[in-house]
Amino acid sequence: MNRCPSAVSSINLPEGDDLRDFIAGRHARGRLWSTALLASTILAVIALTALLVNIVDGASGFVAIENAVDPQSLSVDGIALQDLESETLIQIIGSHVSAAVVRRLESEQPLAKRSRQDLYELVIERVVKPEVKQGWTLSESIFGREEIQVVVAEQYPKAQLVFRSWLSLDFLTSPQSSVPERAGVRTALLGTLWTLLITIALAFPLGVGAAVYLEEYAGDTFLNRIIRTNINNLAGVPSIIYGLLGLAIFVRSCAPITSGAAFGRGDPTTANGRTILSAGLTLALLVLPLIIINAQEAVRSVPRSLRYGSLSLGATQWQTIRSHVLPQALPGILTGTILAMSRAIGETAPLVVVGATTYIVIDPSGPFSKFTTLPMQIYQWTARPQADFRRIAAAASLLLLVLLLAMNATAIVLRNHHSQKGCL
Amino acid sequence: MTGSAVCQTSRPIPDAGCAIEARSLHVYYGIFRALKDVDLQIERQKITAIIGPSGCGKSTMLRSFNRMNELVPSCRTEGKVMFRNRNIYDSGVDPVEVRRRIGMVFQRPNPFPKSIYENIAWGARINGYRGHLDELVEESLRLAALWEDVRDKLQQSALALSGGQQQRLCIARAIAIRPEIILMDEPASALDPIATLKIEELMRELAERYTFVVVTHNMQQAARVSHQTAFFMMDADRAGYLVEQGPTRDLFTNPRDRRTEDYITGRFG
Amino acid sequence: MTGGSEDLAPRARSATGGRFLQQSHDLRKRPRPGDMLVQGLLFFCGAVSILTTLGIVYVLGRESLLFFTHKGVSLLEFFTSTTWQPSIGKFGVWPLVTATLMTTGFAMLIALPLGLAVAVYLSEYASARARNILKPVLEILAGIPTVVYGYFALSFMTPLLRSIFGRDVVSIYNTASAGLVMGILILPLISSMSEDALSAIPRSLREASYALGATRLETAVQVVLPAALSGVTAAVIVALSRAIGETMIAALAAGAGPAFTINPFRPAETMTGHMVRISSGDISYDSMDYDSIFAIGSLLFVLTLTLNVVSRRFVARFREVYE
């Protein structure tokens, strides 16, 4: 065995100036690539910022509004329309609106008993009849103000140019409408909340239960290994597949239950299973793997010593879990659940398949109602060709993002609070 | 590049016996001072052991010799480390070149998750080796006394080797690029006694060509292996400092400092 | 954990009096129906996931079977024909598959290089502060609902493409726009998972590389990245599966109508897009169209499941080495 070869030092590595140039070249390459990596990161951030900017951009901007009747012409004795007394407003309605319509309005609620504000809005809606002729995005409104004014002057000489935020209180409280400027997300928002309620009521106990079983009880048996693998695989199944599952099982096979007919609670006009209940159940199955995985992590992070302490006092395993493990894991479980819910709140594809109805003006009243949700509305409005629907799609997206941000922020606060406590 | 002075091998080196030398070296991690005012000379083609109680800055001292400390973001170094007549902490000196010339073997074996062959060849390749890689790999493995063990499985993953073999592979990897100095940070602490013995034999053999600086917490090992020993301790602020330095035999049989004597006779921590 | 060690100590029934101490001499195992019930309930919770999978397989299988027993529909035609026109009884899945492959291809074209670059940058170059800001930002953006990305595709990406390549070349609906936006959607997925894999590589490996005189780039690309390869591969495969199953972007931006084309600027309906269009229309449950979406769903399920299983294999391999 030759352990000491003679020519150890004469090895063909660069020396002197060669070495200097060689290292300089490597450093240059390194700088080039690190610039490229930084540029990629910036590009990624830009792409993602473009998304947000695009939505904010679409959600407000100039609109050219044309009124059927100029509000100024309605002023009486130099008093502007919005300052007029109730009686005068009723007179205006009487003189501009057909008698049949007035009768209908009276039968809904006598005009004399309505507040001044209501009457004013009625005048605007029925008499002034503002109509959005064209809308512009925020960026167009800021950078192309003069051009917009020229366009408006040429094409809509009677129109007024107003800056409008499409995401407004009216937008939140109005039901659906086929006219974009009057459409709102009230029904969709309620539909989303109802669906989420059912999802959470089902997925949370099931998910936490499964996590506790897998972490505390399940041994390394074949069945348990299958369950573990299966949960991970389920988490990767495309959401639209869950839609198909919900369609076949909840909507079609279980129609008597999910439509409420079995309980005599269903809506007889639409006695089918395309209800909030079906949607909630479908989304519950969809987020279940996420909740389980997150809850498992939370349960796993509870120190062993805590369990030993409890067991050594003669507590049973379930007593140990209920009084020590679960309370300790709760913040983590809640954080995971909120994150799973923020997934559910944005899901669209499974709901399309399950059959969310897109045009609904009546508020959903319970699990057996027909429904629409916020993301469904965004989908529907985006798919319309008219530009104004894009504006309200943007406004609804913005609303959805705000909701999501609030949920994520809650989750982060909860997590930080938890980790601070963990340090004590 | 400005790192040229280090590479000029033609220039005569004044202090021929000294491979690398720390002068008034202070090392800080954030506001914590890990090393205080160290003056330490490492002799050429000798094994120098750095001993001392744990936490006294032995590893920090070792890592200052090839600027590995810089990889810790909060680390700051004052003073000089003279290598080939130049302070390696000068702004003009390239740490990449410093490390090319001063190799390192770590406490735990850390082979790359590549084949045995690639583990050796990679360092040479990135450093611009233009010769026969096969020969270099064989020669390096022979020098590390590993060739006979692995000659038939060069393409297998290095992670499949035993701990002791992995550590010898790391030594082979370090000497494949022919550094002048090899720094070893407790190279045998994660190994069993037999593997430790092999590493020690290897160091003695390689010391004919290379300069070794070895951190060890094992005094027997220092006494067995090294020619020179430096003893470090820490003061009340937990800052490490050099107590004394000298030929190993002298230091162990006839320490000049009382603290050294206490430590080597076991009267201290 | 199911062992009976905790049963050795009987429960204290009363905190006072010495009676329970006397009882404690009896170390017999005793039945605990309550605990058994709880354990049974918890097992049921775990089993729901199995039921879900069985449900998916059963539903997809049964409805697909129904579809293929229709007159004029054959498995062979389904997998070989390039025409999907239910009105004339042509059910060849290829137009939908090619559209899906195109959107996925574009998505990977964007997300793979950018996602990896972001991951390497975050893990090997960025300061801890930059990383702590960028990672959560990317993760939150990964949580934005896909329908919002669909809006983005139609209102931003498509106009952008049309202004670059011309309105005659680029249709209002096209697979390129859908694919590019899908790429933005899965970018955080790739970068986040890959960054996790890169960060899991032990420090000692980087130190070994630096100690040999490697530069930062050489360490990152030639040592850390190959070491994390199985983890990174898992991330890429998961992203691939996500892109194939991605629905709303495709439904909104790729086009409504199967078309066998490889022109990325022409409209073409993806598998998922087709399923959405059929189920959002007023088509009767008993029609062949309706059954057909289950057949497409089965194909989609098999594809994504395979990818996920493969990805998990890679993750397992990665864990074996580093955890």
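Description of the structure in this document. (Residues numbered from 1 in each chain as written. Chains lettered and ligands numbered in written order. Predicted model: local features only at pLDDT ≥ 70, side-chain atom pairs only at ≥ 80, totals over all residues. Heavy atoms only, no water.)

Describing the overall build of chain C
Item 1. Across its full length, chain C carries 13 helices and two strands.
Item 2. Taken over the C-alpha trace, chain C has a radius of gyration of 27 Å; the compact-globule value for 323 residues is 20 Å, which it surpasses by more than 25%.
Item 3. The principal-axis extent of the C-alpha atoms belonging to chain C is close to 95 × 65 × 35 Å.
Item 4. Partitioning the intrachain contacts of chain C with sequence separation of at least 6 by distance along the chain shows that 69% fall at a separation of at least 24.
Item 5. Accessible surface for chain C amounts to roughly 14,200 Å². Of this, 65% is attributable to carbon and sulfur atoms.
Item 6. Within chain C, the 21 negative side-chain charges are centred at a point lying 6 Å from the centre of the 25 positive side-chain charges. (Helix = DSSP H or I, 4+ residues; strand = E, 2+ residues; numbered from the N terminus. Rg over C-alpha atoms; globule rule 2.2 N^0.38 Å. Contact = heavy atoms within 4.5 Å. Areas by Shrake-Rupley, 256 points an atom, 1.4 Å probe, with all protein chains shown as cover. Lys, Arg positive; Asp, Glu negative; His and termini not counted. Charge placed at Lys NZ, Arg CZ, Asp CG, Glu CD.)

Details of the packing of aromatic side chains
Item 1. The tally for this structure, following the rule as stated, stands at 15 aromatic pairs over all chains.
Item 2. On the basis of an interplanar angle of 70° and a centroid distance of 6.2 Å, the ring pair of C:Phe67 and C:Phe78 is categorised as edge-to-face. Within this pair, whereas C:Phe67 is found in helix H2 (residues 33–68), its partner C:Phe78 is found in helix H3 (residues 75–80), the two being separated by eleven residues in sequence.
Item 3. On the accessibility criterion, C:Phe67 (0% relative accessible area) is buried.
Item 4. Each residue in the set C:Phe67, C:Phe68, C:Phe78, C:Phe79, C:Trp84 and C:Phe91 is aromatic and connected to the rest through ring pairs, giving one cluster.
Item 5. A cation over an aromatic ring shows up here: B:Lys36 above the ring of B:Tyr241, its NZ or CZ 5.8 Å from the ring centre.
Item 6. The residue whose ring lies beneath C:Arg216 is C:Tyr125, and the NZ or CZ to ring-centre distance is 5.3 Å. (Phe/Tyr/Trp six-rings, centres within 6.5 Å; stacked < 30°, edge-to-face > 60°. Buried < 20%, exposed > 50% of the residue type's maximum accessible area, 1.4 Å probe, protein only. Lys NZ or Arg CZ within 6 Å of the ring centre and 35° of its normal.)

Looking at the packing of helix H2 (residues 86–96) of chain A against helix H4 (residues 116–128) of chain A
Residue and element names in this part refer to chain A.
Item 1. Running from N to C, H2 and H4 point in directions that differ by 25°, and their axes come no closer than 9 Å. Compared by their axis directions, H2 and H4 come out roughly parallel. Here the hand of the crossing between H2 and H4 comes out left-handed. Residues Ser86, Leu89, Ile90, Ile92, Ile93 and His96 of H2 touch H4, and the partners they reach there are Arg116, Leu119, Tyr120, Leu122, Val123 and Val127.
Item 2. Among the residues making up the contact of H2 with H4, the classes are represented as nine nonpolar, two polar and one charged. (Axes fitted to C-alpha atoms, helices over the stretch in contact; angles between N-to-C directions. Parallel < 35°, antiparallel > 145°, perpendicular 65-115°, else oblique. Left-handed = near helix turned anticlockwise from the far one by under 90°. Nonpolar A, V, L, I, M, F, W, Y, C, P; charged D, E, K, R; others polar.)

Regarding the packing of helix H10 (residues 239–253) of chain A against helix H13 (residues 288–322) of chain C
Item 1. Running from N to C, H10(A) and H13(C) point in directions that differ by 135°, and their axes come no closer than 9 Å. In terms of orientation, H10(A) and H13(C) fall into the oblique class. With respect to the hand of their crossing, H10(A) and H13(C) are arranged in left-handed fashion. Touching A:Ile240, A:Ile241, A:Leu244, A:Leu247, A:Ala248 and A:Arg252 of H10(A) are C:Tyr290, C:Ile293, C:Phe294, C:Gly297, C:Leu300 and C:Phe301, all from H13(C).

Concerning the interface of chain A and chain C
Item 1. Counting residues at the interface gives 79 residues for chain A and 78 residues for chain C.
Item 2. Approximately 7,100 Å² of surface area, both sides summed, lies buried where chain A meets chain C, with 74% of it carried by carbon and sulfur atoms.
Item 3. Where chain A packs against chain C, one counts two salt bridges.
Item 4. Residue A:Arg252 pairs with C:Glu63 through a salt bridge whose shortest N-O separation is 3.9 Å.
Item 5. Run the count over chain A and chain C and you get seven residue pairs in polar contact (both at pLDDT 80 or more).
Item 6. At 21 residues, helix H1 (residues 16–58) of chain A tops the list of elements feeding residues into the side of chain A that touches chain C.
Item 7. Among the residues forming the side of chain A that touches chain C, the class breakdown is 51 nonpolar, 21 polar and seven charged. (Buried area = accessible area lost by both parts, 1.4 Å probe. Salt bridge = Lys/Arg side-chain N within 4 Å of Asp/Glu carboxyl O. Polar contact = N/O pair within 3.5 Å; in protein donor to acceptor, adjacent residues only side chain to side chain.)

A few points about helix H8 (residues 203–211) of chain C
Residue and element names in this part refer to chain C.
Item 1. With seven of nine residues buried, H8 is to be regarded as a mostly interior element.
Item 2. Taken as a whole, H8 has its buried residues at Leu205, Arg206, Glu207, Ala208, Ser209, Tyr210 and Ala211.
Item 3. Taken from the residues just after H8, Gly213 is the one with a positive phi, measuring 85°.

A few points about the pairing of strand E9 (residues 228–234) of chain B
Moving residue by residue along a regular strand, the side chains alternate between the two faces of the sheet.
Residue and element names in this part refer to chain B.
Item 1. Most of E9 sits out of view: six of its seven residues are buried.
Item 2. The pairing of strand E3 (residues 47–51) with E9 spans four bridges and is parallel. Bridge pairing in E9 links Ile51 to Phe231.
Item 3. The turn linking E9 back onto strand E10 (residues 240–247) is made up of five residues, and Arg238 within it adopts a positive phi angle of 65°. (Pairing = 2+ DSSP bridges.)

Let's talk about the environment of A:Leu401
Item 1. By the secondary structure assignment, A:Leu401 is in helix H17 (residues 387–423).
Item 2. Between the C-alpha atoms of A:Leu401 and A:Gly346, which are 55 residues apart in sequence, the distance is 9.1 Å.
Item 3. For A:Leu401, the residues in contact, after removing those within four places along its chain, are A:Leu52, A:Ile55, C:Ile144 and C:Pro145.

Notes on the sheet that holds strand E3 (residues 160–165) of chain A
Residues and elements named next belong to chain A.
Item 1. Pairing in this open sheet of three strands is antiparallel, and the strands run E2-E1-E3 from one edge to the other. Edge positions in the sheet fall to strand E2 (130–135) and E3, since each of these pairs with one other strand and no more. This sheet shows a mean twist of 45° between the axes of neighbouring strands, independent of strand direction.
Item 2. As paired strands, strand E1 (residues 60–67) and E3 are joined by six bridges and run antiparallel to one another. When the bridges of E3 are listed, Ser60 appears paired with Ser165.

Side note on the pairing of strand E1 (residues 18–29) of chain B
All names here are of chain B.
Item 1. With nine of its twelve residues buried, E1 lies for the most part within the structure.
Item 2. Summarising the sheet, E1 and strand E2 (residues 32–43) pair through eight bridges and their orientation is antiparallel. Opposite Cys18, over in E2, you have Glu43 as the bridge partner.
Item 3. Here E1 hands over to E2 after two residues, with Gly30 in that stretch at a positive phi of 65°.
Item 4. With eight bridges joining them, E1 and strand E4 (residues 75–83) adopt antiparallel strand pairing. The residue bridging Ala22 from the neighbouring strand is Val81, located in E4.

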